[in-house]
Amino acid sequence: MSSVTLPKSSDTARIAAPQVRNYPRFLLWLLGVATDGGVWFYTWMFVLTAIFLVGANAWAIQVAEGMIVTHMTDHVSWGLYIANFTFAVGVAAGGVMMVIPAYLYHNKKMHDVVIVGELLAIAAIVMCLMFVTADLGRPDRFWHMIPGLGRFNFPLSMLTWDVVVLNGYLLINLHICGYMLYMRYLGQRPNPRWYVPFVMVSVFWAISIHTVTAFLYCGLGGRPFWNSALLAPRFLASAFVSGPAFIIVTLLILKRMLGERISDEPIRLLVNIVRVTMVVNLIMIVSEVFTEFYTGGSHTASARYLFIGLHGHYGLVPWIWTAMVANVAAAVLFLSPLVFRRTSVLVVACGLAFLAAWIEKGMGLIVPGFVPSTLHEIVEYQPSLLEWKVTASVWAFGLMVYTIGLKAAIGVIAQSPQLPDEGPTHD
Amino acid sequence: MSDSQRANGSDPSSASNAEPLLPILGQSGSTRRTMMKGAGLTLGLAAFGKAISPLTAIPENVSVAEFLQQHYKELSSDDKKTILARLEAEAKENYGAEVSISDHRPIPGVKFGYAINLSKCNGNGKCVEACHTENNHDRTTQESYIRVLEMDKGSMDLETANTTYTHTVPQDDKFYMPVQCQQCDNPPCVTVCPVEATWKEEDGIVVVDYNWCIGCRYCEAACPYHARRFNWEAPTVPTDDINPNQSYLSNRIRPQGVVEKCHYCLHRTREGRLPACLEACPTGARVFGDLNDPESEIVWILKNKRVFVLKEDLGTQPSFFYFFDS
Amino acid sequence: MIGSVAKVHWVLLLAVGVLAAAAGTGWAWRNASEGNSTASSDDKVGRLSESFSDRKKRLGESSYSGLERKLRGQRDKFTITIRQPVGPPRVELRAPNSLQRGKPITVACSTCHASRPANFANRTPADLDEFHQDLTFAHGNVTCLSCHNPDNYDTLHLADGSSVEYSDVMTLCAQCHGPQTRDYRHGAHGGMIGYWDLSRGPRTRNNCVDCHDPHAPSFPAMKPTFKPRDRFLNSTIDAKKGHSEVHPHER
């Protein structure tokens, strides 16, 4: 577990931990560690805070004046917020692609960095909850959804399932991260009873969050574009592209910052995972597109609108083709051996894959479900500036959570002793 | 765990074995840094407060009583009395209108049905207008629960339909199909609502508690008939245009940020009156009545006309029917 | 390695199983709420309607069957009024110049026709030498005197020659327009206002001639006066489905 150990002279390692022996105090201490950093760290956090504040202001205006300030309509009643929500769920689920090798295959190298995936899941879930809140017309009535206080339409409404699985996933990951770091901090071996069951649960829970999110859409008979059994598998495949892609980039950044202490093996493994999931995702896209276009008829109007335009409306055509080109380019890059030789190629490949999934699960999936509307009227949607502000703000907040989480993890690992029975794993 | 290992290379001043009360303040030994953090936090919080200051408008629009109001089905008759009085006062305050808001309950034993004669309907849109004025819809968007589709004769393909026609009607090669809430017996919109803010009542009308809806718009996505509308902002209705005859679950002026829908004019129909869209129809294409009364007009139509429902394949089981003359 | 592969399979199986169970529960609930609705009036399931026969069965036992019977008994408490034209129509005279101001002078049909013998050769207004020539006539193959009573122009006549008052014009229409009459009798033709429930209030129904001009009965073309102003939909009026705009009737 020691490959992330920092040089003792680094900034974080200088922190001397007092003898914190209870968990809440440990968390407070962790917060202190996580907010210590150099100029770059504070600049980064300052920029994120600034973006977050701009978006918070935009959201406040939206709540006060009504959602008329967005470009959503009764025809396209969900837009950029739900699009990003859907994508963020995928990123959260994608984190599990580190957990499976680490815990189920006992991959030691992955074990060292698995917390990166779990922290990404936490940050992404926080984003999901924020996006849903941003999309509510009456956030002041949020308590109506709290079981016991309000009326929670469980299990009929898939949205209530989503609330359950998202919050559950958040709690599970918070527990796993917190427990592992605390044990590490105390220099004790984690008790398997306190984490193995949760890790196992988190594996299928990760699958369930994205499946349930897909069920939100594919259960609606009135929206043929979503009403496909392939939707949930597609969600998972693209989640297992975008999540690992983001983690790979994170690991590369950490490697740059922390030197050779981050081993290459987890990155290699993740690239190999993305190679498979990317191709699976492409196969499913092709299969979906074939079904739509070969069959034809009015049920495929949304797909036509998305890919080739419908009755003189082409609003989403540039989006989806950007995604398609990025998808294919990323797949080619990932499959080429170059991806292991040149870091820049790997970063570009990850960026393209991430972008492609973002469009494909967002503007390329949520919006065309509404165009044409259920009475086949065509009202196009492009997000308003305010929606972009709120969206950027949520992303900024998510990145803040992620950054602080990583800082805390590195802080703990950097100054904690190695466990005697594990020893260095560098080969 | 060895303390020497942990303290190795760290600032000796803070290497105390005593557990400090506030670990954040006690660690790293740099009071300057701690102060900077404190200042940054204060600044950040102040900026956040400033950023969300538009929210101060909310207490003017949302009273504590409204915030705490329970779900419609959990209200006692005393609660309802208080709430209706409050809503009437709010209408007076915000719209300057003297309105009377009642709470109409279903008539026992009645199940409403509606049918439209597509041979008669000529797409003139009087029903759309009547709905607009009857139900206190937003004047700026000319909102209405009804949309009239101009369809190609010989086709039920909605994709060739048009709702924005402005030419003289009827056109020879077209027929006209008004669509509004179908009051499904298996309503997808009700199933998906996460907070049970919408439900089907005993007389078949699917209603919305406008004071319970959280505005997630899942029902709008689920409805196959484009029957639901969202209040993207607070509706504007001039005082003189407000229909004062209102009901809690129907045409009272809706708050901002909630979903609404056709309720078969329950403030009229539960008093035994005909819906506003029917009375406005100049072609007599609309028929309304009690599906449980074998003598009713609507039952005669179901028995004697070749009737169809819209998007039957979706299994929504509408209480809204279409037919042609012979 | 074999062991861990097996473990993965177990976990995945478990995941699939739980998801299936989850989906199954949702489905079962949905169906339960459909099925139970006939048996229970519980809140959650009551949102789905009871079937007609089941409700009848329940009504027979419950206390409000009496109420319903009472309502049925009161059915005739209020009546349906069919609007009627007031008396025979009066024809506007083309006033000479000196009389242009004020109300136009109208006269009863019999004012002129009492002194003019009926000419059965005239089938349409176009056949006339004077009067009524600008009357639009488009009512199948019938002639003026198919409906107007040559013996008393202030009345109409049926096919068997018997006289009928203008106020009872629907009897005349009904001779030829059987399906419409049948639909009208069952409330499936013609506009109305008032109460659907006659135990609570009256209803007023339109007469044939309220909507149909007897001389040109097909319902007139109209201009749609009210359109919702949906945001972002206006741009589609021209672009979407251009064919409706080039329709010949447009000009």
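What you see is a predicted model; the values in this text were computed from it and never measured. (Residues numbered from 1 in each chain as written. Chains lettered and ligands numbered in written order. Predicted model: local features only at pLDDT ≥ 70, side-chain atom pairs only at ≥ 80, totals over all residues. Heavy atoms only, no water.)

(A) How the structure looks around the overall build of chain C. In terms of regular secondary structure, chain C is built from 10 helices and 7 strands. Across the 251 residues that make up chain C, the buried fraction comes to 28%. A fraction of 40% describes how many contacts in chain C between residues 6 or more apart in sequence connect residues 24 or more apart. Counting every atom, chain C has about 16,100 Å² of accessible surface; 58% of that belongs to carbon and sulfur. (Helix = DSSP H or I, 4+ residues; strand = E, 2+ residues; numbered from the N terminus. Buried < 20%, exposed > 50% of the residue type's maximum accessible area, 1.4 Å probe, protein only. Contact = heavy atoms within 4.5 Å. Areas by Shrake-Rupley, 256 points an atom, 1.4 Å probe, with all protein chains shown as cover.)

(B) Highlighting the overall build of chain A. When its secondary structure is counted, chain A shows 14 helices and 0 strands. N-terminal to C-terminal, the α/β element order of chain A is α-α-α-α-α-α-α-α-α-α-α-α-α-α. Taking all 427 residues of chain A together, 65% fall into the buried category. Taking all contacts inside chain A whose residues are at least 6 apart in sequence as the whole, residues at least 24 apart take part in 77%. Counting only carbon and sulfur atoms, one obtains 71% of the accessible surface of chain A, whose full area is about 14,800 Å².

(C) Region of interest: the sheet that holds strand E11 (residues 307-308) of chain B. All names here are of chain B. Taken in spatial order, the 4 strands make up an open sheet running E10-E2-E12-E11, and their pairing is mixed. For this open sheet the edge positions go to strand E10 (286-290) and E11, each flanked by a neighbour on one side alone. Here strand E2 (residues 112-117) pairs with E10 via 5 bridges, running antiparallel. When the bridges of E10 are listed, phenylalanine 112 appears paired with aspartate 290. Against the sheet, helix H12 (residues 297-304) contacts E2, E10, E11 and strand E12 (320-323), and its axis sits at roughly 110° relative to E10. (Pairing = 2+ DSSP bridges. Axes fitted to C-alpha atoms, helices over the stretch in contact; angles between N-to-C directions.)

(D) Structural detail: the pattern of salt bridges. Inspection of every chain in the model, using the stated rule, returns 37 salt bridges over all chains. Among the ionic pairs, lysine 92 of chain B bridges to glutamate 98 of chain B, the shortest N-O distance being 3.4 Å. Classification of glutamate 98 of chain B as exposed rests on a relative accessible area of 62%. For arginine 270 of chain B, the salt bridge goes to glutamate 201 of chain B, with nearest N and O atoms at 2.7 Å. Taken together, the residues arginine 270 of chain B in the loop between helix H10 (266-269) and helix H11 (276-280) and glutamate 201 of chain B in the loop between strand E5 (198-200) and strand E6 (206-208) connect sequence positions 69 residues apart. Judged by relative accessible area, arginine 270 of chain B falls into the buried class, the value being 4%. Taken together, the salt bridges that share partners define one network made up of Lys120, Lys305 and Asp325 of chain B together with Arg182 and Asp183 of chain C. (Salt bridge = Lys/Arg side-chain N within 4 Å of Asp/Glu carboxyl O.)

(E) Highlighting the nonpolar core. In this structure, Tyr217, Trp226, Ile248 and Phe334 of chain A are the most contacted members of the largest nonpolar core, which totals 228 residues. Per element, the largest residue contribution to this core is 17 residues, and it comes from helix H5 (residues 108-135) of chain A. Both domain 2 (66-101) and domain 3 (112-323) of chain B contribute no fewer than three residues apiece to this core. When sequence neighbours within four positions are dropped, the list of residues in contact with isoleucine 248 of chain A reads Ile267, Leu270, Val271, Val274, Phe334, Leu346 and Cys350 of chain A. Counting residues in each nonpolar core, the second largest holds 11 residues, with Val287, Ile298, Ile301 and Phe321 of chain B among its members. (Core = buried A, V, L, I, M, F, W, Y, C linked by side-chain atoms within 4.5 Å. Domains from an automatic or database assignment.)

(F) Expanded view of a nonpolar patch on the surface. A surface patch of nonpolar side chains, about 280 Å² in accessible area, is lined by Phe46, Val47 and Ile51 of chain A. When you line up the elements, isoleucine 51 of chain A lands in helix H2 (residues 39-65). (Patch = residues over 30% accessible without salt bridge, like charges linked within 9 Å, V, L, I, M, F, W, Y side chains within 5 Å.)

(G) Focus on H5 of chain A. Residue and element names in this part refer to chain A. With 28 residues, H5 should cover 40 Å at 1.5 Å per step; its first-to-last C-alpha distance of 41 Å lies within 8% of that length. By the largest-angle criterion, valine 114 marks the main kink of H5, which is about 40°. Judged by how many residues are buried, H5 sits mostly within the fold: 23 of 28 residues are covered. Measuring from the backbone nitrogen of lysine 109 back to the side-chain oxygen at the start of H5 gives 3.1 Å, which picks out asparagine 107 as the cap. (Expected span 1.5 Å × (residues − 1). Bend = angle between axes of the 7 residues up to and from the residue. Polar contact = N/O pair within 3.5 Å; in protein donor to acceptor, adjacent residues only side chain to side chain.)

(H) Geometry of the interface of chain B and chain A. Each partner contributes residues to the interface: chain B has 80 residues there, and chain A has 81 residues. Between chain B and chain A, the buried area comes to about 7,000 Å², and carbon and sulfur atoms account for 55% of it. Remark: the boundary between chain B and chain A carries 8 salt bridges. Among the salt bridges present, the one from glutamate 66 of chain B reaches arginine 141 of chain A, with a minimum N-O distance of 3.1 Å. At the boundary of chain B with chain A, the tally comes to 39 residue pairs in polar contact (both at pLDDT 80 or more). Secondary structure elements with two or more residues in the side of chain B that touches chain A: helix H1 (3-7), helix H2 (23-26), helix H3 (31-51), helix H5 (64-68), strand E3 (147-152), helix H8 (188-192), helix H9 (218-222) and strand E7 (228-230) of chain B. It is H3 of chain B that provides the largest number of residues to the side of chain B that touches chain A, a total of 6 residues. (Buried area = accessible area lost by both parts, 1.4 Å probe.)

(I) Quick peek at the environment of proline 147 of chain A. Residues and elements named next belong to chain A. Looking at the secondary structure, you find proline 147 in the loop between H5 and helix H6 (158-186). Owing to a relative accessible area of 54%, proline 147 belongs among the exposed residues under this scheme. It is 9.8 Å that separates the C-alpha atoms of proline 147 and threonine 160, two residues lying 13 residues apart in sequence.

(J) A look at the packing of aromatic side chains. Taken as a whole and judged by the stated rule, the model has 47 aromatic pairs over all chains. Pairing phenylalanine 112 of chain B with tryptophan 196 of chain C gives two aromatic rings, centres 5.2 Å apart and planes at 85°, and the pair type is edge-to-face. On the criterion of chain membership, the pair formed by phenylalanine 112 of chain B in strand E2 and tryptophan 196 of chain C in the loop between strand E6 (192-194) and strand E7 (203-205) is interchain, its members lying in two chains. For tryptophan 196 of chain C, a relative accessible area of 7% translates into the label buried. Through successive ring pairs, a cluster of aromatic residues spans Phe112, Tyr114, Phe175, Tyr264, Phe288, Phe308, Phe320, Tyr322 and Phe324 of chain B together with Trp196 of chain C. For the cation-ring pair, arginine 217 of chain B lies above phenylalanine 230 of chain B, with the distance from its terminal atom to the ring centre recorded as 5.0 Å. Above the ring of tyrosine 165 of chain B, the side-chain terminus of lysine 227 of chain C is found at 3.6 Å from the ring centroid. (Phe/Tyr/Trp six-rings, centres within 6.5 Å; stacked < 30°, edge-to-face > 60°. Lys NZ or Arg CZ within 6 Å of the ring centre and 35° of its normal.)

(K) A look at the confidence of the model for chain A. Confidence in the prediction of chain A, expressed as mean pLDDT, is 88, and 92% of residues score 70 or more. Within the model, pLDDT remains below 50 along residues 420-427 of chain A, and this stretch shows 16 contacts once partners closer than five positions in the same chain are excluded. (pLDDT = per-residue confidence, 0-100.)

(L) View of the packing of helix H9 (residues 265-295) of chain A against helix H13 (residues 343-361) of chain A. Residue and element names in this part refer to chain A. Orientation of H9 relative to H13, taken along the N-to-C sense of each, is 35°, at an axis distance of 12 Å. Considering only the axes of H9 and H13, their crossing is left-handed. Seen from H9, the contacting residues are Ile267, Val271, Met278, Asn281 and Ile285; seen from H13, they are Leu346, Ala353 and Glu360. The class makeup of the residues in the contact of H9 with H13 is 6 nonpolar, 1 polar and 1 charged. (Left-handed = near helix turned anticlockwise from the far one by under 90°. Nonpolar A, V, L, I, M, F, W, Y, C, P; charged D, E, K, R; others polar.)

(M) How the structure looks around the confidence of the model for chain C. All names here are of chain C. Residues of chain C with pLDDT of at least 70 account for 58%, and the chain-wide mean is 71. Note that residues 32-73 has pLDDT below 50 and, in this model, 57 contacts with residues that lie over four places away or in other chains. Segment residues 235-251: pLDDT under 50, and 32 contacts once partners within four positions in sequence are set aside and those in other chains are kept.

(N) The sheet that holds E7 of chain C, seen in detail. Residue and element names in this part refer to chain C. Strand order in the open sheet made by the 3 strands is E1-E7-E6, with mixed pairing throughout. Of all the strands in the sheet, the pair left with one neighbour each is strand E1 (80-82) and E6. Each strand of the sheet is rotated relative to its neighbour by a mean of 20°, with strand direction disregarded. Pairing of E6 with E7, which is carried by 3 bridges, proceeds in the antiparallel orientation. Across the sheet, residue isoleucine 193 finds its bridge partner in E7, namely threonine 204.

(O) The pairing of E3 of chain B, seen in detail. Counting buried residues in E3 of chain B gives 6 out of 6 residues, a clear majority hidden from the surface. Burial along E3 of chain B is two-sided: Arg147, Leu149 and Met151 of chain B facing one way and Val148, Glu150 and Asp152 of chain B facing the other are all buried.

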